[in-house]
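Residues per chain, in single letters:
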Amino acid sequence: MLDARIVASNMPGTPLTDTNFQILKTLAFVVAFVVATGTQAWWPHRALAGSWRTNAGLGIVNALLLGAICVGCACSVAAWTSDRGLGVFNAVELPGWLSLLASVVVLDLVSYAWHRANHRWAWLWRFHAAHHSDRAFTVTTALRFHPGELLLALPVRLVAVITLGIPVAGLIAFEVIFVFANLIEHGNIALPVRVDRAAGRVVITPSLHRRHHVSVPRADHANFGTIFSCWDRCFGTLEVDAGEMHETGLPNLHTSLALAQILTLPLHRRGSSSRG
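What you see is a predicted model; the values in this text were computed from it and never measured.

Asker: Sorry, what's going on with the packing of helix H6 (residues 122-132) against helix H7 (residues 147-164) here?
Answerer: Packed helices, taken two at a time, are described by their axes: the angle between them and the distance between them. At a closest axis distance of 7 Å, the pairing of H6 and H7 adopts a crossing angle of 130°. On the basis of the axis angle, H6 is oblique to H7. Contacts between H6 and H7 involve Trp 123, Leu 124, Phe 127 and His 128 from the former and Gly 148, Glu 149 and Leu 152 from the latter. Taken together, the residues of the contact of H6 with H7 break down into 4 nonpolar, 2 polar and 1 charged.

Structure follows, in C-alpha cells:
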C-alpha cells in the first residue's frame, strides 16, 4: 500500500500516513458518538432499550475486518491520484475552499446513489437488510452494517476518489462530516420542531432518516441521503412523515437478531429480495 503524503497545497505540516488518517477518523468517530448520544439523551424521541450490544459487536467485527484489508487506504488513493493529476478536480483549477466543498458535496451524492442501489438491487439488499433489521432506532444503529456491504462499498468509494480526483484534504473533510451525520441521523432524537424543519431544508435530520427505517412495507423508498437533503429533493425521494411513532425495522421481522444471525442474514429468504 502506498504511504500517503499530503503536500503543502493539501495540508501543511507533518505528512499524513494511512495509519494517521485512520486515527483521525477514529477520533472523529469518538467525538461524534459523544455528541450524538448526548443529544439523544437530551432530546429523546421515545423510550427505547436499543440493540447496542449487538450493534457494538458488529461494529467491532467491521473495524477489525476493514482494518486488516484497508487501513485508511482511501488516503493513499487520494494522494496517488493527486500526484498524477488524475480525475475531474485535477483537470480544473479550484480554490482550496471550493475544492473542499465540492469534495464533500460530490462524495455525498455518490453515497446517495450507492444507498439507493442497495435498496434497488436484490443482491445488494441481501446485505443492506442487516442495517434495517434493527427494531430499535438509536445512535448505535449507525454501526449495524453487514461486513459484506462495507466490503462492496469500498471499491465504489475508491473509484469515486480516483475518477473525481478528490484531494486528500477534501477526503478528510468528507469523512469527518459523514461520521457526524451518520451517527446523529440514526439517533433516537426528537429535535424541536422548528429546528428540525429548518435543518431538514439542508441536511438529513433524525426524523427524516427515521422515516427511511420504518417497518411499513415500501416505506424505505424515501430519504436516502446521509449528509445533504438536496439529493432527495432533486430526485423526488424526500418524504416528511407525519407518523413519527411508526415502528422501525424490517416488516417481516418481529424478533431481535443476535450477531451470528445478522452475519448469516444474506443467506436467508428475508434478505433475498429487494424492497426498492
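Still more to cover.
Asker: Which parts of the structure should I look at to understand the state of the cysteines?
Answerer: In total, this model carries 1 disulfide according to the counting rule given. Sulfur-sulfur distance for the disulfide between Cys 70 and Cys 73 comes to 1.5 Å. An S-S torsion of about -90° defines the bridge between Cys 70 and Cys 73 as left-handed. Of all cysteine sulfurs in the structure, the one in Cys 73 sits closest to Cys 75, which takes part in no disulfide; the separation is 9.6 Å. Cys 230 supplies the cysteine sulfur nearest to Cys 234, a cysteine that is in no disulfide, at a spacing of 5.5 Å. Taking relative accessible area as the criterion, Cys 234 reaches 59% and is therefore assigned exposed.

Asker: What should I look at first to understand the layout of surface pockets in this one?
Answerer: Over the atoms rolls a probe the size of a water molecule, and its path tells where empty space is left. Of the volumes computed, that of the largest pocket is approximately 1,400 Å³. In terms of lining, the largest pocket is formed by 45 residues, of which the most central are Lys 25, Leu 66, Leu 150, Glu 175 and Phe 178. Those elements that provide at least two residues to the lining of the largest pocket are helix H1 (18-42), helix H2 (52-69), helix H3 (73-83), helix H5 (96-120), H6, H7 and helix H8 (168-185). With 7 residues, H8 is the single largest residue contributor to the lining of the largest pocket.

Asker: I would appreciate a short explanation of the environment of Ile 69 in the present structure.
Answerer: Counting through the fold element by element, Ile 69 comes out in helix H2. Along the backbone, Ile 69 and Leu 151 are 82 residues apart, and their C-alpha atoms lie at a distance of 9.2 Å.

Asker: Can you help me understand H3 in this one?
Answerer: Each full turn of the α-helix corresponds to 3.6 residues, which orients residues three or four apart in the same direction. Burial analysis of H3 places 8 of its 11 residues in the buried class, the great majority of the element. Listed as buried for H3 are Cys 73, Ala 74, Cys 75, Ser 76, Val 77, Ala 78, Ala 79 and Thr 81. Where the residues of H3 are buried, they touch H1, helix H4 (88-91), H7 and H8. One or two steps after H3, the chain reaches Gly 85, where phi turns positive at roughly 65°.

Asker: Mind showing me how you'd approach the confidence of the model for the protein here?
Answerer: Interpreting fine coordinate detail is not advised for predicted regions of low pLDDT. Mean pLDDT over the protein: 88, with 89% of residues reaching 70 or higher. Here residues 1-14 scores under 50 on pLDDT; set against residues more than four positions off or in separate chains, the count is 28 contacts.

Asker: Whenever I open this one, the pattern of salt bridges confuses me. Can you help?
Answerer: Charged atoms that come close allow side chains of opposite charge to pair. This model, assessed by the stated rule, comprises 5 salt bridges. The closest approach of N and O atoms between Glu 247 and Arg 46, which form a salt bridge, is 3.3 Å. A residue pair is termed long-range when its members are at least 10 positions apart, and Glu 247 in the loop between helix H11 (230-234) and helix H12 (259-263) and Arg 46 in the loop between H1 and H2 qualify at 201 residues. Asp 134 is the salt-bridge partner of Arg 144, the closest N and O atoms lying 4.0 Å from each other. Of this pair, Arg 144 sits in the loop between H6 and H7 while Asp 134 sits in the loop between H6 and H7; the two residues are 10 residues apart in sequence, bridging distant segments of the chain. For Asp 134, a relative accessible area of 1% puts it in the buried group. Here the salt bridges share partners, and the residues they tie into one network are Lys 25, Arg 157 and Glu 175.

Asker: So what exactly am I meant to see when it comes to unusual backbone geometry here?
Answerer: Generally, phi is negative for residues other than glycine and the peptide bonds are trans, each holding for most cases. Look at Asn 223: it is not a glycine, yet its phi comes out positive at around 60°. Within the secondary structure, Asn 223 is located in the loop between helix H10 (206-213) and H11. In this structure Asn 223 comes out as buried when scored by relative accessible area, which is 0%.

What counts, and where the lines are drawn
- Residues numbered from 1 in each chain as written.
- Predicted model: local features only at pLDDT ≥ 70, side-chain atom pairs only at ≥ 80, totals over all residues.
- Heavy atoms only, no water.
- Axes fitted to C-alpha atoms, helices over the stretch in contact; angles between N-to-C directions.
- Helix = DSSP H or I, 4+ residues; strand = E, 2+ residues; numbered from the N terminus.
- Parallel < 35°, antiparallel > 145°, perpendicular 65-115°, else oblique.
- Contact = heavy atoms within 4.5 Å.
- Nonpolar A, V, L, I, M, F, W, Y, C, P; charged D, E, K, R; others polar.
- Disulfide = S-S within 2.5 Å.
- Buried < 20%, exposed > 50% of the residue type's maximum accessible area, 1.4 Å probe, protein only.
- 1 Å grid on protein atoms, 1.4 Å probe; cavity = no way out; pocket = protein on both sides within 12 Å on 5 of 7 lines; lining within 4 Å.
- Points joined across faces, edges and corners; volume = space filled by probe spheres on them.
- pLDDT = per-residue confidence, 0-100.
- Salt bridge = Lys/Arg side-chain N within 4 Å of Asp/Glu carboxyl O.

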